[in-house]
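So you can see what is in the structure, the chains are spelled out below.
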Amino acid sequence: DVVLEEPPFVAVRPWRRATAADLRRPLIIQTPSNAYRLDFLVRLFPRARVRVLHLVRNPAATINGLVDGWRFRGFHAQRMTAPLDIPGYSDVLPHSADWWKFDLPPDWQSTAGQGLADVAAFQWCSAHRSTLDFLDANPGVDRLRVDFEDVVADPDTRRRTFARVLQWLGAPMDASLQAVIDRPLPPVMATAPPRARRWFARADELAPVLARPDVQDLAERLQLGPPSD
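Note that the structure is a prediction, hence the values are computed from the model and not measured.

### Comments concerning the overall build of the protein chain
Scanning the protein chain for helices and strands turns up eight helices and four strands. Walking the protein chain from its N terminus toward its C terminus, one meets helices and strands in the order α-β-α-β-β-α-β-α-α-α-α-α. Since a compact globule built from 229 residues should have a radius of gyration of about 17 Å, the 19 Å found for the protein chain is in line with a globular shape. Projecting the C-alpha coordinates of the protein chain onto the three principal axes gives extents of approximately 50 × 40 × 35 Å. Taken over 229 residues, the protein chain has a buried fraction of 35%.

In structure tokens form, the structure reads like this:
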């Protein structure tokens, strides 16, 4: 009846109480769940300069990664009042059926009874659609879209990508960041060793959801080309 889970693979560092000086520093708020809180965050910090760094990735790889995570031993996010009926999850991990994994989008109930790939596609669509809707409604908010594929590409592409991000942020390049760009850090919170086109192993399962009109329309709205990783 009890699930005890620390943030997967990430050590929790000591923290201290914020000071008045800290309130003038940049505050980074991330994770897909905050895509649904952007309006709230703007109201919470009415005098702040809000900027949105929108990281996107092709739906095939992203949805595949979510499916892997749902079937992994971690990532429990929300305990439900009744067991979930998600084919490909509830029947594969019956001991986890009381738990929703990753972010819980509005109208999640509409996915009840759908397969796991459909639930993952719903999560991918919901987070990006919420972000785009916020940006459309707030044209004055500074934004930059970055492709995940460019962040993990060859060294020259990584350097160009991070140079663009740093220029947008007005932040300098230091030696430690340059080292990360030149020699990427090991994967964090990965359910399996990364490899190119990992989603090909589940292509038959993913094909129907990738063909859904909502997934296709959103990929076009995000200006995502055919999946290459």
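### Side note on helix α5 (residues 155-169)
With 15 residues, α5 extends 21 Å from end C-alpha to end C-alpha; this agrees with the ideal 21 Å at 1.5 Å per step. Of all the residues in α5, the buried ones are Thr 157, Arg 158, Thr 161, Val 165, Leu 166 and Trp 168. The arc that holds the buried residues of α5, viewed along the axis, is 160 degrees, so those residues lie on one side. Facing away from the buried side of α5 by over 90 degrees, the exposed positions are Arg 160 and Gln 167. Where α5 is buried, its residues touch β1 (51-56), β4 (142-147), α4 (148-151) and α6 (175-182).

### Quick look at the packing of helix α2 (residues 59-70) against helix α3 (residues 116-137)
Packed helix pairs are specified by the crossing angle of their axes together with the interaxial distance, meaning the distance between the axes. Between α2 and α3, whose axes approach to 9 Å, the crossing angle comes to 120 degrees. Here α2 is positioned oblique relative to α3, judged by the angle of their axes. Crossing of α2 over α3 shows right-handed handedness. Note on element contacts: α3 touches α2 through Leu 116, Ala 117, Val 119, Ala 120, Ala 121, Gln 123 and Trp 124, opposite Pro 59, Thr 62, Ile 63, Leu 66, Val 67 and Trp 70.

About the criteria used
Residues numbered from 1 in each chain as written. Predicted model: local features only at pLDDT ≥ 70, side-chain atom pairs only at ≥ 80, totals over all residues. Heavy atoms only, no water. Helix = DSSP H or I, 4+ residues; strand = E, 2+ residues; numbered from the N terminus. Rg over C-alpha atoms; globule rule 2.2 N^0.38 Å. Buried < 20%, exposed > 50% of the residue type's maximum accessible area, 1.4 Å probe, protein only. Expected span 1.5 Å × (residues − 1). Arc of directions from axis to C-beta. Contact = heavy atoms within 4.5 Å. Axes fitted to C-alpha atoms, helices over the stretch in contact; angles between N-to-C directions. Parallel < 35°, antiparallel > 145°, perpendicular 65-115°, else oblique. Left-handed = near helix turned anticlockwise from the far one by under 90°.

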